[in-house]
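The chain contents come next:
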Amino acid sequence: MASPDRPRRTALTNVRVFDGTRLRSPGTVVLDGGRIGADASGAHVVDCAGSVLLPGLIDAHVHVMDVGELESLSDHGITTALDMAAWPPSRTDALRGLRGLTDLRSAGMPALPPGEHPLLAAFPPEATVTDPEAARRWVADRVAEGSDHIKLLVEPPTPGEPDPLAVLAALAAAARELGRRTVAHAVTSGAVDLALRAGVDVITHVPLDVAVDGTTAARMAAEGRVAIPTLVMMSAVAERRGLSYDPARASVTALHRAGVPVLAGSDANTTPGAPAPIPHGGSIHRELELLVAVGLSTVDALRAATTLPAKHFGLDDRGVVEPGKRADLVLVAGDPIADITATRAVERVWCAGVERPVPRL
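Only a predicted model underlies this, so the values are computations on that prediction, with no experimental measurement involved.

Where do I start with the pattern of salt bridges in this structure?
When the charged atoms of two side chains with opposite charge come close together, those side chains can pair. Taken as a whole and judged by the stated rule, the model has 21 salt bridges. In this structure, Arg9 engages Asp39 in a salt bridge whose closest nitrogen and oxygen atoms are separated by 3.7 Å. Taken together, the positions of Arg9 in the segment before β1 (10-17) and Asp39 in the loop between β3 (35-37) and β4 (44-47) put the pair 30 residues apart, joining distant regions of the chain. When the shortest N-O distance is used, the salt bridge between Arg348 and Glu355 registers 2.7 Å. When its relative accessible area of 26% is taken as the criterion, Arg348 is described as partly exposed. A relative accessible area of 37% places Glu355 in the partly exposed class. Put simply, Asp193, Arg197, Arg219, Glu223 and Arg225 are held in one network by salt bridges that share partners.

In structure tokens, the structure reads:
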């Protein structure tokens with residue numbers, strides 16, 4: 001008999017698995033503890049009646065404040081969430097490793113290089129990094145606090161302000177030396193250019209002023225950069241501020257055509273002073289729909305929330321349904337390859353092998 005702390009072995013039968021390119025014929029997937037197993041002997045059998053099994057979804061851009069938000073993520077099939085700025089560390093620490101809930105990875109406190117930053121008031125003074133010589137120590141401090149990746153708030157300099165390029169480049173280099181990816185908040189074309197010149201690994205958001213063009217997209221692809229467009233957030237900001245959403249949409253189309261890996265991130269948050277409130281959980285399904293609307297295939301969109309964030313954030317134990325991998329899984333009714341909105345029809349969710357009772361959403 002399985003111990004209370006160890007999920008029992010479960011065999012999901014008559015289930016169609018998304019393998020990263022297609023749906024397999026109905027078969028069996030074994031959950032053995034917190035991993036996907038291969039031996040169904042003695043397992044509790046669950047007949048999935050032809051429903052589709054996806055790797056647990058990964059929201060590659062969130063801001064989580066409390067357990068309730070983690071629960072909402074889990075309820076919507078998101079088994080891993082990449083927090084893109086959080087403070088203090090104790091808040092994030094309290095949300096890590098909770099049994100049966102979304103696995104949280106966090107940037108911790110973001111770096112604010114020289115310049116004007118609309119979000120400056122949300123973080124303590126030590127978030128500011130004005131000296132390239134201090135970059136190594138700043139990144140080392142974040143790693144010591146448990147940061148899984150390093151977030152940089154990038155704004156192009158205005159006349160009379162110091163150029164932040166040297167500080168940004170030093171932060172990116174220091175993070176690379178310590179084995180951490182850097183993620184740049186960049187919401188204008190100037191910020192995207194600055195982040196690329198600084199050597200940042202991942203660009204999150206897309207511009208609302210001037211679209212990323214084919215030349216910049218090709219450069220990003222050639223240099224191995226990654227994009228998390230957060231179209232849910234960009235569309236909300238455009239609507240709130242009376243701006244055109246077209247540059248954001250055109251940017252993602254150009255990035256995808258150039259071969260830049262595009263990851264699904266919602267920028268879900270309830271942060272006071274945020275550009276727009278985005279609900280946790282359901283917004284990732286809207287993000288997938290928006291990605292399909294700008295030119296990604298449904299398979300590309302599913303990969304954007306499974307295999308690609310796992311690959312580009314070094315989460316080698318998840319993102320696919322294979323023996324030995326973490327048993328992060330979501331069962332949905334319908335065929336999301338035929339219709340991406342089928343991801344919303346969540347029937348069951350497992351976080352590291354622990355099934356979470358899913359409410360009727």
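So that's the structure; there's more coming.
Would you mind showing me how to read the confidence of the model for the chain here?
Atom-level detail of predicted coordinates should not be read off regions where pLDDT is low. Confidence in the prediction for the chain averages 94 pLDDT; 95% of positions are at 70 or higher. Below pLDDT 50 for its whole length, residues 1-5 participates in four contacts with residues either more than four positions away or in separate chains.

Help me out: how do you make sense of the nonpolar core in this one?
Nonpolar side chains in soluble globular proteins generally cluster together in the buried interior. The biggest cluster of nonpolar side chains holds 84 residues, and the ones touching the most others in it are Leu171, Leu231 and Leu255. It is helix α7 (residues 231-241) that contributes the most residues to this core, seven residues altogether. Ignoring any residue separated from it by four or fewer positions in sequence, one finds Leu171 in contact with Ala111, Val129, Ala135, Trp138, Val139, Leu152 and Thr182. Grouped together as the second largest cluster of nonpolar side chains are 14 residues, Val29, Val46, Cys48 and Ala327 included.

Looking at this structure, I do not really get the sheet that holds strand β7 (residues 78-83). What am I missing?
In sheet architecture, strand pairing relies on hydrogen bonds along the backbone and comes in two forms, parallel and antiparallel. Across the sheet, three strands lie side by side as β6-β7-β8; this open sheet has parallel pairing. Sheet topology places β6 (57-62) and β8 (103-106) at the edges, where each strand pairs with a single neighbour. Across the sheet, the mean angle from the axis of one strand to that of its neighbour is 20 degrees, orientation sign disregarded.

Would you take a moment to explain the environment of Arg91 for this structure?
Secondary-structure assignment places Arg91 in helix α2 (residues 89-93). Arg91 sits in the partly exposed class, given a relative accessible area of 23%. Residues Arg91 and Gly42 lie 49 residues apart in sequence; the distance between their C-alpha atoms is 41 Å. What Arg91 contacts, discounting residues up to four positions off in sequence, is Val64, Met65 and Ala86.

Just checking my understanding: could you explain the sheet that holds strand β12 (residues 226-228) for this structure?
Pairing within the open sheet is parallel, and its four strands lie in the order β9-β10-β11-β12. At either margin of the open sheet sits one strand with a lone partner, and together these are β9 (150-153) and β12. Neighbour-to-neighbour, the strand axes of the sheet open up by a mean angle of 25 degrees, direction not taken into account.

Is there a simple way to think about the state of the cysteines in this case?
Such a bond, covalent and formed between the sulfur atoms of two cysteines, is termed a disulfide. According to the stated counting rule, one finds zero disulfides in the structure shown. There is no disulfide at Cys351, and the cysteine sulfur nearest it, in Cys48, is 16 Å away. Judged by relative accessible area, which is 1%, Cys351 ranks as buried.

Would you take a moment to explain the environment of Val354 for this structure?
Structurally, the position occupied by Val354 is in strand β15 (residues 354-356). Expressed as a C-alpha distance, the spacing of Val354 and Thr188, which sit 166 residues apart in the sequence, is 41 Å.

What should I look at first to understand the environment of Arg303 in this one?
Within the secondary structure, Arg303 sits in helix α10 (residues 298-304). For the pair Arg303 and Leu288, spaced 15 residues apart in the sequence, the C-alpha separation amounts to 10.0 Å. Every residue in contact with Arg303, bar those within four places of it in the chain, is listed here: Phe18, Gly20, Leu308 and Pro309.

I would appreciate a short explanation of α7 in the present structure.
The periodicity of an α-helix, 3.6 residues per turn, causes residues three or four places apart in sequence to face the same way. Along α7, the residues classified as buried are Leu231, Val232, Met233, Met234, Ala236, Val237 and Ala238. Its buried side turned inward, α7 meets α8 (246-258) and α9 (282-293). Gly242 lies just past α7 and shows a positive phi near 65 degrees.

What counts and what doesn't
- Residues numbered from 1 in each chain as written.
- Predicted model: local features only at pLDDT ≥ 70, side-chain atom pairs only at ≥ 80, totals over all residues.
- Heavy atoms only, no water.
- Salt bridge = Lys/Arg side-chain N within 4 Å of Asp/Glu carboxyl O.
- Helix = DSSP H or I, 4+ residues; strand = E, 2+ residues; numbered from the N terminus.
- Buried < 20%, exposed > 50% of the residue type's maximum accessible area, 1.4 Å probe, protein only.
- pLDDT = per-residue confidence, 0-100.
- Contact = heavy atoms within 4.5 Å.
- Core = buried A, V, L, I, M, F, W, Y, C linked by side-chain atoms within 4.5 Å.
- Pairing = 2+ DSSP bridges.
- Axes fitted to C-alpha atoms, helices over the stretch in contact; angles between N-to-C directions.
- Disulfide = S-S within 2.5 Å.

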